[in-house]
Amino acid sequence: MSAESTGSRGFTYWRLRFRAWRGTRPFWAGLFTLLGGLPIAYFPYAQLHLGNLTLAMSTTAGSGSLIIGVLLVTLGLTMWFHSIVRVFAGVAAILLALVSIPVSNLGGFLLGFLFALIGGALSISWAPGKPPRPAAEHDHTPHLSPEPHGAGDPFPVPRDGEDPNVTETTAQANGGRNSAG
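Asker: Quick one: what's the story with helix 2 (residues 27–42), residue by residue and with numbers?
Answerer: Helix length check: helix 2 (16 residues) gives 23 Å between terminal C-alpha atoms against 22 Å at 1.5 Å per residue, within 8%. If you check which residues of helix 2 are buried, you get Phe27, Ala29, Gly30, Thr33, Leu34, Gly36, Gly37, Pro39, Ile40 and Ala41. On the buried face of helix 2, the contacting elements are helix 1 (11–23), helix 3 (62–81), helix 4 (86–103), helix 5 (105–109) and helix 6 (111–125).

Laid out in structure tokens, this is it:
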């Protein structure tokens, strides 16, 4: 440790690290997809107790609901940790959300369906940001000196005392004709 360090990393350090990590991947798409998988997997196995009344929402497709829910949670984590496959994960999340409507209690009572659908759409539409340019490039603007001829000429002309670098193979040599030999 150096004399300048405080010895501990505070909340601001971890918040900034998380913010940098979150900015390099489709974080919200993964979160919505992950949250969409939870009600789809949970509701077919849940038993609600209302006083002495037990309400079981079990269906014959409980295993299908569990598989869809686990796959959506896995796709959400994939969006976070392997963002290169974000388009595949987004399409798969949308398809699983659509399949969950008939399979698992209207897609987790439409709650899981909507979360998974939004997460898949966000994953497909997410694109990585461009890295920031260095400060030196921000201030650099090409300086065009006034041309001695043709103010609107877009091509640069040789400076004073410079060879125009015209060789025998250019189109201007030999009267406009170019020979191969």
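That covers the picture; the talk isn't over yet.
Asker: Help me get a handle on the packing of aromatic side chains, residues and values and all.
Answerer: Throughout the structure, instances matching the rule amount to twelve aromatic pairs. Taking 5.3 Å as the distance between ring centres and 5° as the angle between the ring planes, the aromatic pair formed by Phe27 and Trp80 counts as stacked. In this pair, Phe27 sits in helix 2 while Trp80 sits in helix 3, placing the two residues 53 residues apart along the sequence. On the basis of relative accessible area, Trp80 is assigned to the buried category, the value being 13%.

Asker: Give a description of the packing of helix 2 against helix 3 that names residues and reports values.
Answerer: The geometry of helix 2 relative to helix 3 is characterised by a closest axis approach of 7 Å and an angle of 165° between their N-to-C directions. Relative to helix 3, helix 2 is oriented roughly antiparallel. Read as a crossing pair, helix 2 and helix 3 show a hand that is left-handed. Packed against helix 2, whose contacting residues are Phe27, Ala29, Gly30, Leu31, Thr33, Leu34, Gly36, Gly37, Leu38, Ile40 and Ala41, the element helix 3 presents Ser65, Leu66, Ile68, Gly69, Leu72, Val73, Leu75, Gly76, Leu77, Met79 and Trp80 at the interface. Looking at the contact of helix 2 with helix 3, its residues break down into 15 nonpolar, seven polar and no charged.

Asker: Quick one: what's the story with the nonpolar core, residue by residue and with numbers?
Answerer: Of all hydrophobic cores here, the largest spans 13 residues; its most connected members are Ile68, Leu72, Leu75, Met79, Ala93 and Leu96. Of all the secondary structure elements, the ones that give two or more residues to this core are helix 2, helix 3, helix 4 and helix 6.

Asker: Pulling in residues and values, what's your account of the environment of Arg86?
Answerer: Structurally, the position occupied by Arg86 is in helix 4. Residue class for Arg86 comes out buried when judged on its relative accessible area of 18%. When the C-alpha atoms of Arg86 and Gly120 are compared, they prove to be 8.8 Å apart, with 34 residues separating the residues in sequence. In contact with Arg86, not counting residues within four places along its chain, are Pro26, Ser123, Ile124, Trp126, Ala127 and Pro128. A polar contact is formed between the side chain of Arg86 and the backbone oxygen of Trp126, at a distance of 2.9 Å.

Asker: Any details on the confidence of the model for the protein chain? Residues and values, ideally.
Answerer: Per-chain confidence: the protein chain averages 80 in pLDDT, with 68% of residues scoring 70 or above. Mean pLDDT per element in the protein chain: helix 7 (residues 135–139) is the minimum at 58, and helix 6 is the maximum at 95.

Asker: Explain a nonpolar patch on the surface to me, and be specific about the residues and the numbers.
Answerer: Together, Trp28, Leu106, Leu110, Leu114, Ile118 and Leu122 make up a nonpolar patch on the protein surface, roughly 560 Å² of accessible area in all. It is helix 6 that contributes the most residues to the nonpolar patch, three residues altogether. Tracing the backbone through its elements, the reader meets Leu122 in helix 6.

Parameters at a glance
Residues numbered from 1 in each chain as written. Predicted model: local features only at pLDDT ≥ 70, side-chain atom pairs only at ≥ 80, totals over all residues. Heavy atoms only, no water. Helix = DSSP H or I, 4+ residues; strand = E, 2+ residues; numbered from the N terminus. Expected span 1.5 Å × (residues − 1). Buried < 20%, exposed > 50% of the residue type's maximum accessible area, 1.4 Å probe, protein only. Contact = heavy atoms within 4.5 Å. Phe/Tyr/Trp six-rings, centres within 6.5 Å; stacked < 30°, edge-to-face > 60°. Axes fitted to C-alpha atoms, helices over the stretch in contact; angles between N-to-C directions. Parallel < 35°, antiparallel > 145°, perpendicular 65-115°, else oblique. Left-handed = near helix turned anticlockwise from the far one by under 90°. Nonpolar A, V, L, I, M, F, W, Y, C, P; charged D, E, K, R; others polar. Core = buried A, V, L, I, M, F, W, Y, C linked by side-chain atoms within 4.5 Å. Polar contact = N/O pair within 3.5 Å; in protein donor to acceptor, adjacent residues only side chain to side chain. pLDDT = per-residue confidence, 0-100. Patch = residues over 30% accessible without salt bridge, like charges linked within 9 Å, V, L, I, M, F, W, Y side chains within 5 Å. Areas by Shrake-Rupley, 256 points an atom, 1.4 Å probe, with all protein chains shown as cover. Salt bridge = Lys/Arg side-chain N within 4 Å of Asp/Glu carboxyl O.

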